Structure formats: structure tokens, C-alpha cells
Amino acid sequence: MQIETLILGAGAAGLMCAAHAGSGTLVIDHARAPGEKIRISGGGRCNFTNLGVEPARFLSGNPHFCKSALARYTQWDFIELVSRHGIAWHEKTLGQLFCDGKATQIVAMLLREMDAAGAELWLRSSLADLRHDGTGFVARVEREGETREVRARNLVLATGGKSIPKMGATGLAYDIAARFGLEIVSPRAGLVPFTFPDGRFSDLSGLSLPVRASNDRAGFDEAMLFTHRGLSGPAILQLSSYWAPGEAIRLDLLPGADLAGHLKAARETSGRKSVGTVLGQLLPARLVGGLDALSGAPLATPVGALSDKAIAELASRLASWELTPQGTEGWRTAEVTLGGIATDALSSKTMEARDCPGLFAIGEAVDVTGWLGGYNFQWAWSSGAACGTAL
Ligand code: FDA
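Reading guide: rules and limits
Residues numbered from 1 in each chain as written. Predicted model: local features only at pLDDT ≥ 70, side-chain atom pairs only at ≥ 80, totals over all residues. UniProt positions renumbered as here; feature names shortened; annotations may be inferred. Near = placed C-beta within 6 Å. Helix = DSSP H or I, 4+ residues; strand = E, 2+ residues; numbered from the N terminus. Nonpolar A, V, L, I, M, F, W, Y, C, P; charged D, E, K, R; others polar. Pairing = 2+ DSSP bridges. Axes fitted to C-alpha atoms, helices over the stretch in contact; angles between N-to-C directions. Parallel < 35°, antiparallel > 145°, perpendicular 65-115°, else oblique. Left-handed = near helix turned anticlockwise from the far one by under 90°. Contact = placed C-beta atoms within 7 Å. Core = buried A, V, L, I, M, F, W, Y, C linked by C-beta atoms within 7 Å. Buried ≥ 20, exposed ≤ 12 C-beta atoms within 10 Å, placed from the backbone. Expected span 1.5 Å × (residues − 1).

The protein goes by Flavoprotein, HI0933 family in an unreviewed UniProt entry, where it is assigned to Salipiger profundus. As stated in UniProt under Cofactor (unreviewed entry), the record for the protein gives "FAD".

Encoded structure:
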């Protein structure tokens, strides 16, 4: 069959692109259902965008690349779409917008938009072969035991990144892009928990507290969660996207608090209380008792016996606890993929490869990665709309 555009991947970006591209468009996906990551996202309620979307909240080899698409299809455009489809939503925290009901409403909305535009979707379909014959792309698609030849003027790579292979994530977009001469920025797991050896935090597993997690490149004031394998929670997931193996991270366990002032006041008013008891007024008792960082701290000492120097040392130890993760949980649990198809080769307006007319790349497959909190879906909507409008 001869069509205008073949989109590989019926995820967030591919469906959005098809809804804008309209008739003459075929979307294929090897999964049984479209938009599976949308369905499971945000604990089943899909954190579909963020009120605070701005280019500085995206990581990329070229930090300017995302600007055009984000400006032309904004969070407000998506909010308008969601509202037009009667989907109720709410702001949870930090500008994060979630459905009141199920995330599947978002998938159904995208399918309705795509249908209305006249685009077609084939599920359980995989690409058996692909070539360019000088005028367009020639794909052999396997579907329900049959092989069909699909000829298309345009090919859109929308198969996402490598995170959660159990859900069907593959490196197909990278392989095809590389075959057509596009550079790939080495893909890495992002928004992913850190691991530490020897069950270092297993006694604290399940404990959550607000922290500032930082390194020399970024810092996040959000919750941190101790796990059997290491550290997780939003502050840690965010920082993981700015981390490289072997590097240390810093934790401020009492962000915004004046611990030295608190200890000095306690020294005056309740000098016989132990340091551990005073710390327990500010931090969860389980943490005070179990934290390695405090192993050298004089927990049993009466606070009245602390010198100014000892107080300053203790305060600084808790404000910049430095530790080096062994690694991350990797693709198994990563929410997103850093790196991907290098932006240098793409037009930021249309997402088309400059040196390969008719080849486009959108969504997570491209080297643009958002923060936690709805930013990655917004990139999928914005890049999908930019491409679909240009087709
Ligand atoms: P996406 O992964 O959505 O779609 C790719 C499609 O391509 C899939 O349907 C897949 O089956 C198909 N495909 C892959 N390989 C193929 C092949 N070889 N042949 C055929 N088809 C193939 N973001 C956010 O903003 N808010 C949130 O709440 C969350 N929550 C969240 C939770 C979890 C658990 C994960 C893993 C991720 C999130 N994300 C998120 C990130 C978000 O899901 C992600 O960035 C977008 O889905 C990316 O959209 P894409 O369309 O680019 O890829």
C-alpha cells in the first residue's frame, strides 16, 4: 500500500503526531494496546503536563533545541485539549497536572483525535525490513502472520527510549536513525533510583523525608525515600538525570532549617538532653538512630556539653552529607531515557532530519529529556504536534 506517512510507535508522541498529520497516515506498534506508558503513568492517573514547563527543565546536548516545539504547542494547548474532551484534572504539587480519573482517558482522547483526523493504527505489527528506494521509504510490516509492504513518503521514528523493556521498549528508533546517518547520543537511564552496596539503607527502607539532593550541576528540594537497594523518591530521581557513574551526591537532611541555632538553643534550655534526642525533634527517630552519617556524631552526649565547633561540625555534616552511589537501578525501573537521536541533525521546527528528507524523530527517542512531573509527556505532545503539523 502507498501512504503519505508511516509512524513507528503508538505511544504519546506517535499518537499526537498522527492526530495532527491526519489522513494518509498509518501508525504501527508491536504492542497489543496503544499508549501503554500513558496508561501506567502517574500511578494510573497520568501526570500529563506541568504548569511550569520551560526549556530550562529539559536536558539535551543542545538546550535550545526544545524551545521551538514547546513554544508552539504548550502545556496550555494540551490542557485545552484535555478539557475539551471532558477529562477532569487537578494540580497535585509543583505544577503537576493529573487526571482525576484514569490515565486511560488520555489514551482514549488521543485515539479519538487520531480517528477524527483520519489516521489509521495497526497494533501487534512489527517492522521486518526497511529501506529507502530514492523516492520514499519501503517497509515490510508483519501483522497477524501476514507481511505487508508499506510505501511512505515520510517516516516518523516515535518508538521512545529504552526504559522498562518489559513494556516493549526497544532501541529501534536509534538503530534506524543510525542507519540513515544520524548521530546517537549514548542512551542512559534517567529518573531512576540510586543503588548502594551491602543493603546499606535496608534498615531505613520505607522511610521518607524532605531533603535537598544536589551535585555541582543541579539541586532538588523534594522528598527522598530509603529503599532496600538504596535511595529513591522525587529528589533522587531528579538528581539521577544529572549524575554520572562514580560521582558523589550531596544530601541536606534538614533543608532550610537552622540546625546549629537549634542545637545552641537546646544547649541553653535543655542541656541535659542527649544530642540524639534533640536531633529527634527535627528528624525521624529511625533516621537519627540508624544513619551512617551520624555514626561519628556524639549522639549520647548531653547537648549542653557541645562546643560551638562541635555544633558547627554536626550541622555541616547533616547539611552536606556526601555519598557515592554504586549505580542506578537501570532500564528496569528508569522512568525515562537520557540521550538518544542527536538534535544537531534535526530541524527544531519540524523534527525532520536535515540530511535525510522525509525522516522525522519525535518524543523520547530524541535527545531531549524532561524533569520529573509531566515534562516528558509535554515533550511528547509538543514534538509530536510540531512534526504532525509539518507533514
Ligand atoms: P512511548 O514509550 O510512550 O511509546 C513508544 C511506543 O513505541 C510504544 O507504544 C512501544 O510499544 C512502541 N515500540 C517500541 N519499540 C517498538 C518496535 N521495535 N516496534 C514497534 N513498536 C515499538 N512522563 C510524564 O510526563 N508524566 C508521568 O506521569 C510519567 N510517568 C511515567 C511512569 C513510568 C512507569 C514510566 C516508565 C514513564 C513515565 N513517564 C512519565 C515518561 C513517559 O511515559 C515517556 O516520556 C513518554 O511515554 C514518551 O513518549 P514516546 O511516545 O516518545 O514513547
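There's more to say after this.
Enquirer: With reference to specific residues and values, describe the site of the ligand.
Expert: Close to the ligand lie 38 residues; Gly9, Gly11, Ser41, Gly160 and Gly363 are nearest. Listed by contribution, the elements that provide at least two residues to the shell around the ligand are helix H1 (12-21), helix H2 (36-44), strand S8 (125-132) and helix H12 (375-390). In terms of residue count, the dominant contributor to the shell around the ligand is H2 (five residues). Counted by class, the shell around the ligand contains 17 nonpolar, 16 polar and five charged residues.

Enquirer: How would you summarise the pairing of S8 if you had to cite specific residues and measurements?
Expert: Bridge count for S8 against strand S9 (residues 137-143) is seven bridges, and the pairing is antiparallel. In the strand pairing of S9, leucine 127 is matched with valine 141. If you look at the hairpin formed by S8 and S9, you'll find four residues sitting between the two strands, and glycine 134 has a positive phi there, around 100°.

Enquirer: An account of the sheet that holds strand S3 (residues 47-50) is needed here, citing residue identities and associated values.
Expert: Read from one edge of the open sheet, three strands run S3-S6-S5, paired in antiparallel fashion. One side of each edge strand has no neighbouring strand; the edge strands of this open sheet are S3 and strand S5 (89-91). Here the strands of the sheet are splayed against their neighbours by 30° on average, with no regard to which way each runs.

Enquirer: Please provide a residue-by-residue account of the packing of H1 against helix H5 (residues 104-117), values included.
Expert: Here H1 crosses H5 at 30°, and the two axes come no closer than 7 Å. It follows that H1 is roughly parallel to H5 by the angle criterion. Pair H1 / H5 crosses with left-handed handedness. Counting all contacts with H1, which are made through Leu15, Met16, Ala18 and Ala19, the residues of H5 involved are Leu110, Leu111, Glu113, Met114 and Ala117. Within the contact of H1 with H5, the residues separate by chemical class into eight nonpolar, no polar and one charged.

Enquirer: Can you lay out the nonpolar core for me, pointing to particular residues and giving the numbers?
Expert: Of all hydrophobic cores here, the largest spans 112 residues; its most connected members are Met16, Cys17, Val156, Leu157, Ala361 and Ile362. Excluding its chain neighbours within four sequence positions, the residues that come into contact with alanine 361 are Leu157, Ala173, Ala177, Ile341, Leu346, Met351 and Val366.

Enquirer: Provide a residue-level description of the packing of helix H8 (residues 259-269) against helix H11 (residues 308-319), including the pertinent values.
Expert: How two helices sit against one another is set out by the angle between their axes and by the gap between those axes. Between H8 and H11, the least distance of the axes is 9 Å, while the angle of their chain directions is 140°. Viewed along their axes, H8 and H11 adopt a mutual orientation that is oblique. Crossing of H8 against H11: the hand is right-handed. In contact with Leu259, Ala260, Leu263 and Lys264 of H8, H11 contributes Ile311, Ala312, Leu314, Ala315 and Leu318. Here the contact of H8 with H11 is composed, by residue class, of eight nonpolar, no polar and one charged.

Enquirer: Give a description of the pairing of strand S14 (residues 219-226) that names residues and reports values.
Expert: With seven bridges connecting them, strand S13 (residues 208-214) and S14 associate as antiparallel partners. Within the sheet, the bridge partner assigned to valine 211 lies in S14 and is glutamate 222. The hairpin formed by S13 and S14 contains four residues between the paired strands.

Enquirer: How would you explain the environment of threonine 104 if you had to name every residue and give the values?
Expert: Tracing the backbone shows threonine 104 in helix H5. For the pair threonine 104 and leucine 279, spaced 175 residues apart in the sequence, the C-alpha separation amounts to 45 Å.

Enquirer: Give me the lowdown on H12, citing residues and values where you can.
Expert: With 16 residues, H12 extends 23 Å from end C-alpha to end C-alpha; this agrees with the ideal 22 Å at 1.5 Å per step. The buried fraction of H12 is high, at 14 of 16 residues.

Enquirer: Residue-level account of unusual backbone geometry, with values.
Expert: Negative phi characterises most residues that are not glycine, and trans characterises most peptide bonds. Even without being a glycine, leucine 94 presents a positive backbone phi close to 50°. For leucine 94, the position within the fold is in the loop between S5 and strand S6 (96-99). Backbone geometry at aspartate 198 places phi at a positive 60°, although glycine is not the residue there. Structurally, aspartate 198 can be placed in the loop between strand S12 (194-195) and S13.

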